[in-house]
Each structure stands twice: as structure tokens, then as C-alpha cells.
Amino acid sequence: MTERGNPYNGTQPVVEIVGRVATVRPTGEIDIATAPALSRALDEALGLLRASRADHIVTDCSQVTFCDSSGLNALLAARREAAKTNTEIHLANPAPQLRRLLQISGTDVLFPPPDDPPAGAPPTAGT
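Residues numbered from 1 in each chain as written. Predicted model: local features only at pLDDT ≥ 70, side-chain atom pairs only at ≥ 80, totals over all residues. Heavy atoms only, no water.

Draft legend 1. Quick look at the overall build of the protein chain. Tallying secondary structure elements over the protein chain gives three helices and seven strands in all. Secondary structure elements of the protein chain, listed N to C terminal, follow the sequence β-β-β-β-α-β-β-α-β-α. Looking at the protein chain alone, contacts between residues at least 24 apart form 66% of all its contacts between residues at least 6 apart. A total of about 6700 Å² of accessible surface is found on the protein chain, and carbon and sulfur atoms cover 52% of it. (Helix = DSSP H or I, 4+ residues; strand = E, 2+ residues; numbered from the N terminus. Contact = heavy atoms within 4.5 Å. Areas by Shrake-Rupley, 256 points an atom, 1.4 Å probe, with all protein chains shown as cover.)

Have a look at this one:
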């Protein structure tokens, strides 16, 4: 397992590789102030994919308490980059507020739930 970030810092998402999955674990609020940290973590995950045998990214949203359009834009930008290498970004355990944001914006279909929940995070109903 390769791990980056500080799991105790609510603004810096953790990035880890387990098997064929790169998992990004943001925490707290994702807004204009914290979306750049999410972008960096997703970019790091994409870079780690290229250097490992992992083939997709799971963004574990179980600890995200709020996400605004800045966070959504960070996810969409990462998805665009990932698509260049046929890599998918999945969202696991999004809170109802994040699910609603994705539905309202019509982007929920762009971020399918993972086949398997990320290690260490129990699945949430409705994901």
C-alpha cells in the first residue's frame, strides 16, 4: 500500500493505492478554499496510477460533510484528465447533499459508485 497525505488533517485528502484501486479520501467541506487540495490529490492519484498496477480511482466521500460547485468542478476536471487514459473515477459513500448536487447538475451519471467499497469505509445506503 502506498499512502500520501495526512489522515488527521481535514483539508488534505489522503491518497492510497491498494491493489488495483487508487483511493482518494477527502474530509470535511469541499468548497472554494479546499477544492484545490482535492484537485491536487486527484492529480496525485492519476500520477500514481501510471506508476502502479492500479487501474481506477475511488473517491471515498464518507467523510465529506459539504461540497459546493468548486468541489464539483475539481471532480469534473479530474474526470476529464482521467478519461484521457481511459481511467474511471468512482464516488463512494457520497452524503445526501453531495448526491443531490450531482443529481441537480446532471453529473451523477459521470461518477458511478465503485463495484467494491474502498477498504476501511463501510458502504452507505443508496450509493
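The structure having been displayed, the exposition proceeds.
Draft legend 2. Fine view of the environment of Pro13. Here Pro13 is to be found in the loop between strand 1 (2–4) and strand 2 (14–18). Placed 46 residues apart in sequence, Pro13 and Thr59 show a C-alpha to C-alpha distance of 9.7 Å.

Draft legend 3. Main features of the pattern of salt bridges. Under the definition given, this model contains four salt bridges. In this structure, Arg25 and Glu16 form a salt bridge, with 2.6 Å as the shortest nitrogen-oxygen distance. Both residues of the pair, Arg25 and Glu16, count as buried. Its salt-bridge partner being Arg20, residue Asp55 comes within 2.0 Å of it at the nearest N-O pair. Of this pair, Asp55 sits in the loop between helix 1 (35–50) and strand 5 (56–60) while Arg20 sits in the loop between strand 2 and strand 3 (21–25), and the two are 35 residues apart along the sequence. Each of the salt bridges in this network shares a partner with another, and the network as a whole consists of Glu16, Arg25 and Asp60. (Salt bridge = Lys/Arg side-chain N within 4 Å of Asp/Glu carboxyl O. Buried < 20%, exposed > 50% of the residue type's maximum accessible area, 1.4 Å probe, protein only.)

Draft legend 4. The side chain of Asn93, seen in detail. Structurally, Asn93 can be placed in the loop between strand 7 (88–92) and helix 3 (96–105). Within the local environment of Asn93, its side chain forms a polar contact with the side chain of Asp60, the two groups lying 3.2 Å apart. (Polar contact = N/O pair within 3.5 Å; in protein donor to acceptor, adjacent residues only side chain to side chain.)

Draft legend 5. Region of the structure containing unusual backbone geometry. Within the chain, Asn86 stands out as a residue other than glycine whose phi angle is a positive 55 degrees. Mapping Asn86 onto the fold places it in the loop between helix 2 (69–83) and strand 7. In the Ramachandran plot, Asn93 falls in the positive-phi region, its phi being about 60 degrees despite a non-glycine side chain. Residue class for Asn93 comes out buried when judged on its relative accessible area of 3%.

Draft legend 6. Fine view of helix 2. In a regular helix each residue adds 1.5 Å, so 15 residues correspond to 21 Å; helix 2 covers 21 Å between its end C-alpha atoms and thus fits that length. Considered for burial, the residues of helix 2 that qualify are Ser70, Gly71, Leu72, Ala74, Leu75, Leu76, Ala78 and Ala82. Of the surrounding secondary structure, the elements contacted by the buried residues of helix 2 are strand 4 (27–30), helix 1, strand 5, strand 6 (63–67), strand 7 and helix 3. For helix 2, the side-chain oxygen to backbone nitrogen distance between the N-cap and Ser70 is 2.8 Å, and the N-cap itself is Asp68. (Expected span 1.5 Å × (residues − 1).)

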